[in-house]
Amino acid sequence: MREWIGRFLARIGFHHPEGRTLLRDQIMMALVTSLAALVLSQGGTWGVAWTCGAALITVNFWWMVRFAQGLLASTAGAVGGSFFRFFVRLGITGVGLYLMIVEAGWPVWATLGGMSTVMVTILVWGALKRAGSNSAKEA
Amino acid sequence: MRKNLLVVLNTIAMLGLASMAFAADGASSVGPMAAIGSAIGMGLAALGCGIGQGIGVKGACEGMARNPEIGGKLTTTLILGLAFIESLAIYALVVCLILMFVKPLG
């Protein structure tokens, strides 16, 4: 599954290896935690809120990885499009949060838990990388 | 400077008092203090987030210009930095939405 997602991301333009790895791990983390939340809540409100929060932040992260890898490699003509996409992404995140918290009235802690999956992914990825570099130095 | 500050503070006070007066009729669904607090909070969050992201991107671009070979590592650091900084703004937005619409303080 991880390899398939990695190949898919490479095919659709995520050419930066570490960014692709981060995004792949975030997709896996969102899928696993959302499935666990849905099963534990038996399809209840907080499970759906967790899933939607994780989906929203994964889409957000997806666009941010694209933005960052394009920002350092783009020519002057591509900057306008990048900034347009950046603000569209922010708008979608804001509207999504409004719909989840205000309109649907889902539990905020579950939404925030789903949105925090990206933090967990980055922290785990950083810790694993640090552990790997330390062991390499010791060796 | 002092005059501008006084104008801003007076405007905020007038808006707050007017909304409170209308709230007595049940006309307003969002409390005036919650709206002002949310606006100030979101503004501060956006300010800090903007400064932080700007400094991050500036550093990445400068590093890339000085040493283009290190661009790959810089991109990773940039992604992580942007994600961490932006998550703070998103959390601030959630708090503002809670303050305005969920009304935990009544």
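Reading guide: rules and limits
- Residues numbered from 1 in each chain as written.
- Chains lettered and ligands numbered in written order.
- Predicted model: local features only at pLDDT ≥ 70, side-chain atom pairs only at ≥ 80, totals over all residues.
- Heavy atoms only, no water.
- Core = buried A, V, L, I, M, F, W, Y, C linked by side-chain atoms within 4.5 Å.
- Buried < 20%, exposed > 50% of the residue type's maximum accessible area, 1.4 Å probe, protein only.
- Helix = DSSP H or I, 4+ residues; strand = E, 2+ residues; numbered from the N terminus.
- Contact = heavy atoms within 4.5 Å.
- Buried area = accessible area lost by both parts, 1.4 Å probe.
- Salt bridge = Lys/Arg side-chain N within 4 Å of Asp/Glu carboxyl O.
- Polar contact = N/O pair within 3.5 Å; in protein donor to acceptor, adjacent residues only side chain to side chain.
- UniProt positions renumbered as here; feature names shortened; annotations may be inferred.
- Axes fitted to C-alpha atoms, helices over the stretch in contact; angles between N-to-C directions.
- Parallel < 35°, antiparallel > 145°, perpendicular 65-115°, else oblique.
- Nonpolar A, V, L, I, M, F, W, Y, C, P; charged D, E, K, R; others polar.

Caption draft 1: View of the nonpolar core. The biggest cluster of nonpolar side chains holds 34 residues, and the ones touching the most others in it are A:Leu22, A:Phe61, A:Leu97 and A:Ile122. Counting only elements with at least two residues in this core, the list comes to helix H1 (2-11), helix H2 (17-40), helix H3 (45-71), helix H4 (79-103), helix H5 (108-115) and helix H6 (117-138) of chain A together with helix H3 (71-102) of chain B. At nine residues, the largest contribution of residues to this core is made by H3(B). Contacts of A:Leu22, omitting those with residues within four sequence positions, involve A:Phe61, A:Thr121, A:Ile122, A:Trp125, B:Ile79 and B:Leu80.

Caption draft 2: Local environment of the interface of chain B and chain A. Taken together, the 26 residues of chain B in the interface contact 31 residues of chain A. Across the interface of chain B and chain A, roughly 2400 Å² is buried in total on both sides, 85% from carbon and sulfur atoms. For the pair chain B and chain A, the interface holds one salt bridge. Between B:Glu86 and A:Arg89 there is a salt bridge, and its shortest N-O distance comes to 2.5 Å. Taken together, the connections running from chain B to chain A amount to three residue pairs in polar contact (both at pLDDT 80 or more).

Caption draft 3: Local environment of the UniProt feature "transmembrane region" (unreviewed entry) in chain A. Residue and element names in this part refer to chain A. Look at the UniProt record and you will see "transmembrane region" (unreviewed entry) annotated at residues 86-102 and 108-128. End-to-end, the C-alpha atoms of residues 86-102 are 24 Å apart, and along that stretch the chain is 100% helix and 0% strand. End C-alpha atoms of residues 108-128 are separated by 30 Å, and the span's content is 95% helix alongside 0% strand.

Caption draft 4: Molecular detail of the pattern of salt bridges. Residues and elements named next belong to chain A. Scanning the model with the defined rule gives three salt bridges over all chains in all. In this structure, Arg24 engages Asp25 in a salt bridge whose closest nitrogen and oxygen atoms are separated by 3.5 Å. Look at Arg24 and you get buried, because its relative accessible area is 16%.

Caption draft 5: The environment of B:Cys96, seen in detail. Residue and element names in this part refer to chain B. Within the secondary structure, Cys96 sits in helix H3. A relative accessible area of 8% means that Cys96 is categorised as buried. Between the C-alpha atom of Cys96 and that of Ala35, which follows or precedes it by 61 residues, the distance is 8.4 Å. Once you skip the residues sitting within four places of it in the chain, Cys96 turns out to touch Ser38, Gly41 and Met42.

Caption draft 6: View of the packing of H5(A) against H3(B). Where H5(A) contacts H3(B), the axes come no closer than 12 Å and their chain directions differ by 170°. With respect to H3(B), the axis of H5(A) lies roughly antiparallel. Here A:Val108, A:Leu112 and A:Met115 of H5(A) come into contact with H3(B), specifically with B:Ile90, B:Tyr91, B:Val94 and B:Ile98. For the contact of H5(A) with H3(B), a count of residues per class yields seven nonpolar, no polar and no charged.

Caption draft 7: Structural detail: H5(A). In terms of burial, H5(A) is largely enclosed, as six of its eight residues are buried. When H5(A) is considered as a whole, its buried residues turn out to be A:Val108, A:Ala110, A:Thr111, A:Gly113, A:Gly114 and A:Met115.

Caption draft 8: The UniProt feature "domain: V-ATPase proteolipid subunit C-like" (unreviewed entry) in chain B, seen in detail. The positions UniProt marks with the feature "domain: V-ATPase proteolipid subunit C-like" (unreviewed entry) are residues 36-99 of chain B. A distance of 10 Å separates the end C-alpha atoms of residues 36-99 of chain B, which is 94% helix and 0% strand.

Caption draft 9: Structural context of the environment of A:Val108. Along the chain, A:Val108 falls in helix H5. C-alpha separation for the pair A:Val108 and A:Gly53, spaced 55 residues apart in sequence, amounts to 9.6 Å. Sequence-distant contacts of A:Val108, defined by excluding residues within four places in its chain, comprise A:Ile101, B:Val94 and B:Ile98.

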